[in-house]
Amino acid sequence: MAKVKYYYDSENLAYTKIKTRKRIKIGYALLFLLASALFVFLVFVLLINTPYFETPKDRLQAREIENLKLQYAILNKKMDEIDDVTEALENRDNNIYRVYFNKTEIPDSIRKAGFRDPKRYKDLEGYNNSQLVLNTTKRIDRLSKELAIQSKSLDEILKLASTKGNLLLAIPAIQPVRNENLKRMASGFGYRTDPFTKVRKMHNGMDFTANTGSPVYATGDGVVERADASASGFGNHVVIRHGFGYESLYAHLSKYNCRAGQHVKRGDVIGYVGSTGRSEGPHCHYEVHKDGKVVNPLNFYYGNISAAEYVAISQMANQENQSLD
């Protein structure tokens, strides 16, 4: 039974019963219901986040997440091993294979470049374990790209290896005239004094002195591109295209022993020493070109001289004397 409350009315000198308005009663009731609902909600949230009240489905899902984390950790460990193997292979490729076949190394900026599309991994963002999945996916993509580049490089090396024998035969590797006592080398590659103008200028080849009519030999396998006197200053000359970017030129010949389009092998006689064209005496002016650029023929004399002979001829070639053409 609810208690009845009174208050003392000083004007009427009597106790008067306190009457609670209906509107206030309703307000108190609503406030009580709101507080009760808030209490129930807080209790529910606490229960949901307490492991003691996990549902079987929650426990199964948690185990699956932990298992996935473990699988990602194992995957990353395997990728560490693949990284080590790939790095070793890349080092051998750059420092051994590509050097051996005279190919430019592939820089890390190309080998290890990622993907530039900012939206490539957009679908992997926004989840609890997004960073783990994102990092692993990026590693897999990078490794896949590295392996693709390495595979392409090895294909290139394999192709070069299959033609290595032909390359070795094509490189101009001997001297164009017999030079057993190394006394026929008159002028080397580099700046020399012109015999006619006495001005110091670039000499693009090497001059070998010999008696008129001495044999001139093809220094590598190839095809005779030209055997004529059409180039100014060279007189009778022969140009051989060896392939792989190599060409050789033999100038001031007295006569030819080959024709344009003819296949020749290293050591074949292609002409004879003379003094035709712009020449001061009987000799063979010899040049080597690689990829359209003139190079020092001295770098290729490994086919018929020893190391000691190479040193001797190198010293003579580097003397700044007067050329013969």
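Computed from a predicted model, the values in this text were never measured in an experiment.

This model, assessed by the stated rule, comprises one aromatic pair. Over the ring of Tyr272 we find Lys255, and its NZ or CZ is 5.3 Å from the ring centre. Its guanidinium or amino end placed over the ring of Tyr246, Lys290 lies 5.1 Å from that ring's centre, counting from NZ or CZ.

Taken as a whole, this structure holds eight salt bridges when the rule is applied. Between Asp83 and Arg139 there is a salt bridge, with its nearest N and O atoms 2.8 Å apart. Pair noted here: Asp83 is in helix α2 (residues 56-100) and Arg139 is in helix α4 (residues 130-162), with a separation of 56 residues, a long-range link. Each member of the pair, Asp83 as well as Arg139, is classed as buried. The partner of Glu225 in a salt bridge is Arg241, with the nearest N and O atoms 2.6 Å apart. A residue pair is termed long-range when its members are at least 10 positions apart, and Glu225 in strand β8 (residues 222-228) and Arg241 in strand β9 (residues 236-243) qualify at 16 residues. By relative accessible area, Glu225 is classed as partly exposed at 36%. Overall, Arg241 belongs to the partly exposed group, its relative accessible area being 44%. Ionic contacts of the salt-bridge type, sharing partners, join the residues Asp80, Asp83, Arg139, Arg142 and Glu146 into one network.

Further remarks concern a nonpolar patch on the surface. On the surface, a nonpolar cluster with roughly 440 Å² of combined accessible area is contributed by Ile26, Leu30, Phe32 and Leu33. With respect to the helices and strands, the residue Ile26 is situated in helix α1 (residues 22-48). A relative accessible area of 46% places Ile26 in the partly exposed class.

We now examine the UniProt feature "coiled-coil region" (unreviewed entry) in the protein chain. The UniProt feature table records "coiled-coil region" (unreviewed entry) at residues 65-95. A distance of 44 Å separates the end C-alpha atoms of residues 65-95, which is 100% helix and 0% strand.

What follows deals with the pairing of strand β10 (residues 246-256). Here six bridges tie β9 to β10, and the two strands are oriented antiparallel to one another. Within β10, the residue paired with Ile240 across the bridge is Ser248. Where β9 folds back on β10, the antiparallel hairpin that results is connected by two residues, among which Phe244 adopts a positive phi of roughly 60 degrees. Two strands pair when backbone bridges link them, and β10 and strand β13 (residues 283-290) are joined in this way by six bridges, in the antiparallel orientation. Paired with Ser248 across the strands is Val288, a residue of β13. Note that β10 and strand β12 (residues 269-273) share three bridges and pair antiparallel. Paired with Lys255 across the two strands is Tyr272, which belongs to β12.

This part is about the environment of Asp268. Position of Asp268 relative to the elements: it lies in the loop between β11 (263-264) and β12. Note on Asp268: relative accessible area 32%, which makes it partly exposed. Separated by eleven residues in the primary sequence, Asp268 and Asn257 place their C-alpha atoms 9.3 Å from one another. Apart from the residues lying within four places of it in its own chain, the contact partners of Asp268 are Val216, Tyr217 and Ala218.

A cluster of like negative charges, contributed by Glu81, Asp84, Glu87, Glu105 and Asp108, occupies part of the molecular surface. Top element by residues in the negative patch is α2. It accounts for three residues. Mapping Glu105 onto the fold places it in the loop between α2 and α3 (108-111).

Parameters at a glance
- Residues numbered from 1 in each chain as written.
- Predicted model: local features only at pLDDT ≥ 70, side-chain atom pairs only at ≥ 80, totals over all residues.
- Heavy atoms only, no water.
- Phe/Tyr/Trp six-rings, centres within 6.5 Å; stacked < 30°, edge-to-face > 60°.
- Lys NZ or Arg CZ within 6 Å of the ring centre and 35° of its normal.
- Salt bridge = Lys/Arg side-chain N within 4 Å of Asp/Glu carboxyl O.
- Helix = DSSP H or I, 4+ residues; strand = E, 2+ residues; numbered from the N terminus.
- Buried < 20%, exposed > 50% of the residue type's maximum accessible area, 1.4 Å probe, protein only.
- Patch = residues over 30% accessible without salt bridge, like charges linked within 9 Å, V, L, I, M, F, W, Y side chains within 5 Å.
- Areas by Shrake-Rupley, 256 points an atom, 1.4 Å probe, with all protein chains shown as cover.
- UniProt positions renumbered as here; feature names shortened; annotations may be inferred.
- Pairing = 2+ DSSP bridges.
- Contact = heavy atoms within 4.5 Å.
- Lys, Arg positive; Asp, Glu negative; His and termini not counted.
- Charge placed at Lys NZ, Arg CZ, Asp CG, Glu CD.

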